[in-house]
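Letter by letter, the chains look like this.
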Number of protein chains: 2
Amino acid sequence: MAKKARVYVTLKRGVLDPQGSAVNRALHAMGYGEVSDVRLGKFIEVALDEKLPEAEARKRLEEMCRKLLANTVIEDFRIEL
Amino acid sequence: MAKKARVYVTLKRGVLDPQGSAVNRALHAMGYGEVSDVRLGKFIEVALDEKLPEAEARKRLEEMCRKLLANTVIEDFRIEL
């Protein structure tokens, strides 16, 4: 069995989101004028070895995020275990 | 003020996730052998007009997902309001 961690990677506040703006404009063109902003991010599900203690798992996930899953110059990440 | 909805778009169970597999292999190459599977999805934050009643907002968000935000042939979506 594995335990499942969820990682949310989002653009830092103030960083332009051209993809989000494009989706926003498309939604407006489709008649959804109530939408004022759209921000796109990544949602990553990571299955980990069940036997790994939670503190160790969290530490290793943070490393994975800093090294690969997120670009920490422009992105924030949040881990749910 | 706007209310913020969160939409999670994930691949349906059984649909191959080549990007997730690539990330999984990269994590293994970096020494994170405890990872057994990685699934990538989209995390979309949608700011909506505060005055829109919740039921109406949810209905409209579902439409937005079916029409644009998710490819319902291969993806599932979940809305948090």
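Residues numbered from 1 in each chain as written. Chains lettered and ligands numbered in written order. Predicted model: local features only at pLDDT ≥ 70, side-chain atom pairs only at ≥ 80, totals over all residues. Heavy atoms only, no water.

If you look chain A up in an unreviewed UniProt entry, it shows as Phosphoribosylformylglycinamidine synthase subunit PurS from Anaeromyxobacter dehalogenans. Word for word, the UniProt comment on chain A under Subcellular location (unreviewed entry) is "Cytoplasm". (UniProt positions renumbered as here; feature names shortened; annotations may be inferred.)

Student: It is not clear to me how the interface of chain A and chain B should be interpreted in this structure. Could you clarify?
Tutor: Where interface size is given, it is often the accessible area lost as the parts come together that is meant. Opposite the 32 residues of chain A that make contact, chain B presents 32 residues. Summing both sides of the interface, chain A and chain B together bury roughly 2800 Å²; the carbon and sulfur share of this comes to 63%. Counting the surface chain A buries against chain B, the share from its top three residues, A:Y32, A:E34 and A:F43, is 23%. In this structure, the connection of chain A to chain B is made through 2 salt bridges. With its nearest N and O atoms 2.6 Å apart, the salt bridge here joins A:R60 to B:E34. At the boundary of chain A with chain B, the tally comes to 18 residue pairs in polar contact (both at pLDDT 80 or more). Residue assignment for the side of chain A that touches chain B shows that the elements contributing at least two residues are strand 1 (2-11), helix 1 (18-29), strand 2 (35-49) and helix 2 (54-69) of chain A. Counting residues per element, the side of chain A that touches chain B draws most heavily on strand 2 of chain A, which supplies 15 residues. Residues belonging to the side of chain A that touches chain B are distributed by class as follows: 19 nonpolar, 4 polar and 9 charged. In this sheet, strand 2 (residues 35-49) of chain B lies alongside strand 2 of chain A in antiparallel orientation, the contact comprising 13 bridges. (Contact = heavy atoms within 4.5 Å. Buried area = accessible area lost by both parts, 1.4 Å probe. Salt bridge = Lys/Arg side-chain N within 4 Å of Asp/Glu carboxyl O. Polar contact = N/O pair within 3.5 Å; in protein donor to acceptor, adjacent residues only side chain to side chain. Helix = DSSP H or I, 4+ residues; strand = E, 2+ residues; numbered from the N terminus. Nonpolar A, V, L, I, M, F, W, Y, C, P; charged D, E, K, R; others polar. Pairing = 2+ DSSP bridges.)

Student: When you look at the environment of B:M30 in this model, what are you seeing that I'm missing?
Tutor: Within the secondary structure, B:M30 is located in the loop between helix 1 (18-29) and strand 2. The contacts of B:M30, once residues within four sequence positions are left out, are A:K67 and A:L68.

Student: What is the right way to look at helix 1 of chain B in this model?
Tutor: Along an α-helix, residues three or four apart share an orientation, since each turn contains 3.6 residues. The first and last C-alpha atoms of helix 1 of chain B sit 16 Å apart over 12 residues, in line with the 16 Å expected at 1.5 Å per residue. Those residues of helix 1 of chain B lying buried are B:G20, B:V23, B:N24 and B:L27. All buried residues of helix 1 of chain B lie within an arc of 105° about the axis, which places them on one face of the element. Away from the buried face of helix 1 of chain B by more than 90 degrees, exposed residues B:P18, B:R25 and B:A29 are located. Those residues of helix 1 of chain B that are buried are in contact with helix 2 of chain A together with strand 2 of chain B. Backbone geometry just after helix 1 of chain B places B:G31 at a positive phi near 100°. (Expected span 1.5 Å × (residues − 1). Buried < 20%, exposed > 50% of the residue type's maximum accessible area, 1.4 Å probe, protein only. Arc of directions from axis to C-beta.)

Student: Can you help me understand the pairing of strand 1 of chain A in this one?
Tutor: A regular strand places its side chains on the two faces of the sheet in alternate fashion. Residues and elements named next belong to chain A. Summarising burial for strand 1: 7 of the 10 residues are buried, a large majority. Examined bridge by bridge, strand 1 and strand 2 share 8 bridges and lie antiparallel to one another. Note on strand 2: the bridge partner recorded for A2 is D49. Looking at chain direction, strand 1 and strand 3 (residues 75-80) are connected through 6 bridges and run antiparallel. Among the inter-strand pairings, V7 is bridged to a residue of strand 3, identified as I79.

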